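Summary of structural features
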Amino acid sequence: MDTQALINMIANSKKTTPVEVFIKGELDGIDFSGVKFFGNSEFGTVFGDWKAVGEILENHKNKIKDHHIKSDRRNSAIPMLDTKDLNCRIEPGAIIRDTAEIGRNCVIMMGAVINLGAVIGDDTMIDMNVVVGGRVIIGKHCHIGAGAVLAGVIEPPSAQPVIIGDNVMIGANAVVLEGVKVGNNAVIAAGSIVTTDVPDEMVVAGAPAKIIKKRDEKTNSKTVFVDALRQL
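Report on the accompanying structure. (Residues numbered from 1 in each chain as written. Predicted model: local features only at pLDDT ≥ 70, side-chain atom pairs only at ≥ 80, totals over all residues. Heavy atoms only, no water.)

What follows is about unusual backbone geometry. With an omega of 5°, the peptide bond running from A207 to P208 counts as cis. For P208, the location among the structural elements is in the loop between β22 (202–206) and β23 (209–214). Backbone geometry places T99, a non-glycine residue, at a positive phi of 85°. (Helix = DSSP H or I, 4+ residues; strand = E, 2+ residues; numbered from the N terminus.)

Time to look at the pattern of salt bridges. Overall, the coordinates contain six salt bridges when judged by the stated rule. The closest approach of N and O atoms between D82 and K84, which form a salt bridge, is 2.9 Å. On the basis of relative accessible area, K84 is assigned to the exposed category, the value being 66%. The partner of R89 in a salt bridge is E91, with the nearest N and O atoms 2.8 Å apart. (Salt bridge = Lys/Arg side-chain N within 4 Å of Asp/Glu carboxyl O. Buried < 20%, exposed > 50% of the residue type's maximum accessible area, 1.4 Å probe, protein only.)

A separate point is the sheet that holds β23. Spatially, the eight strands line up as an open sheet ordered β5-β8-β11-β14-β17-β20-β22-β23, and their pairing is mixed. One side of each edge strand has no neighbouring strand; the edge strands of this open sheet are β5 (89–90) and β23. In the sheet, strand β17 (residues 169–170) pairs with strand β20 (residues 187–188) via two bridges, with the strands oriented parallel. Pairing of I170 across the sheet is with I188, part of β20. (Pairing = 2+ DSSP bridges.)

Judged by nonpolar contacts, the single largest core of 34 residues is most densely connected at I138 and I170. In this structure, V19, V53, I56 and L57 belong to the second largest nonpolar core, which totals 12 residues. (Core = buried A, V, L, I, M, F, W, Y, C linked by side-chain atoms within 4.5 Å.)

Our focus in this paragraph is the sheet that holds strand β2 (residues 36–39). As summarised here, the arrangement of the four strands in space is β2-β3-β1-β4, forming an open sheet in which the pairing is antiparallel. The open sheet terminates on both sides in strands that have one partner only, identified here as β2 and β4 (64–71). The sheet shows a mean angle of 20° between the axes of neighbouring strands, taken without regard to direction. Bridge analysis of β2 against strand β3 (residues 43–49) gives four bridges, and the strand direction is antiparallel. Note on β3: the bridge partner recorded for F38 is T45. Relative to β3, helix α2 (residues 50–59) is tilted by about 140°, and along the sheet it contacts β1 (18–25), β3 and β4. (Axes fitted to C-alpha atoms, helices over the stretch in contact; angles between N-to-C directions. Contact = heavy atoms within 4.5 Å.)

Below, the discussion takes up the pairing of β3. Where β1 meets β3, seven bridges bridge the pair, whose relative direction is antiparallel. Across the sheet, P18 pairs through a bridge with D49, a residue of β3. Where β2 folds back onto β3 in an antiparallel hairpin, the turn is made up of three residues.

Glancing now at the packing of aromatic side chains. Each aromatic ring pair is described using two quantities: the centre-to-centre distance and the angle formed by the ring planes. This structure, assessed with the given rule, holds two aromatic pairs. Geometrically, the ring pair formed by F32 and F37 is stacked, given 4.2 Å between the ring centres and 5° between the ring planes. Measuring from ring centre to ring centre gives 5.9 Å for F38 and F47, while their planes differ by 75°; the resulting arrangement is edge-to-face. (Phe/Tyr/Trp six-rings, centres within 6.5 Å; stacked < 30°, edge-to-face > 60°.)

Okay, here's the thing in structure tokens:
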């Protein structure tokens with residue numbers, strides 16, 4: 001999706017505050033239309049938007065003896081991606097927003113954030129606490145190291161996305177700025193700040209990152225990907 005399409009989606013979406021509420025009391029006769037209720041006449045769980053659920057709690061406060069509200073967002077514009085049928089491994093705590101595309105046999109580790117319109121190629125590992133910004137494109141069989149940030153480009157809309165080629169290794173806590181293209185088989189050292197394009201097969205390091213050599217056998221021995229980790 002291009003930037004304007006994503007902007008339109010956010011601007012025109014119905015903003016919601018989904019909640020889960022546990023209630024107990026004299027629940028017979030309470031109208032739960034507009035929400036989902038699971039329970040009996042004494043206790044149950046209500047799922048729905050806070051506006052509708054809040055009205056029920058207020059209108060029937062004489063019947064509801066106690067309640068507990070669980071909420072993790074407010075006026076959210078885009079839901080989370082439905083990951084149930086994806087052919088990949090996604091660990092607890094990963095946040096993946098709808099419109100992101102996740103390839104086969106990917107691994108998404110704890111705390112990773114994948115924003116709107118991002119595309120993750122087959123067999124790529126997104127390590128812990130990585131931020132994949134809006135519209136970032138990552139190729140196949142890559143490893144994005146823990147804490148790395150690939151800058152997104154929802155705003156300003158004129159900015160170009162980060163594009164990562166195939167078989168790329170990005171070290172921990174590296175930052176790749178908007179519009180940068182990283183070529184196939186490139187290696188970005190840990191902690192680097194990448195402000196310009198990286199050609200195929202090159203190893204870069206530093207802040208700002210500079211080419212230090214072409215990929216060689218020594219580099220290959222230190223950047224081996226373990227495909228067994230990507231199998232389901």
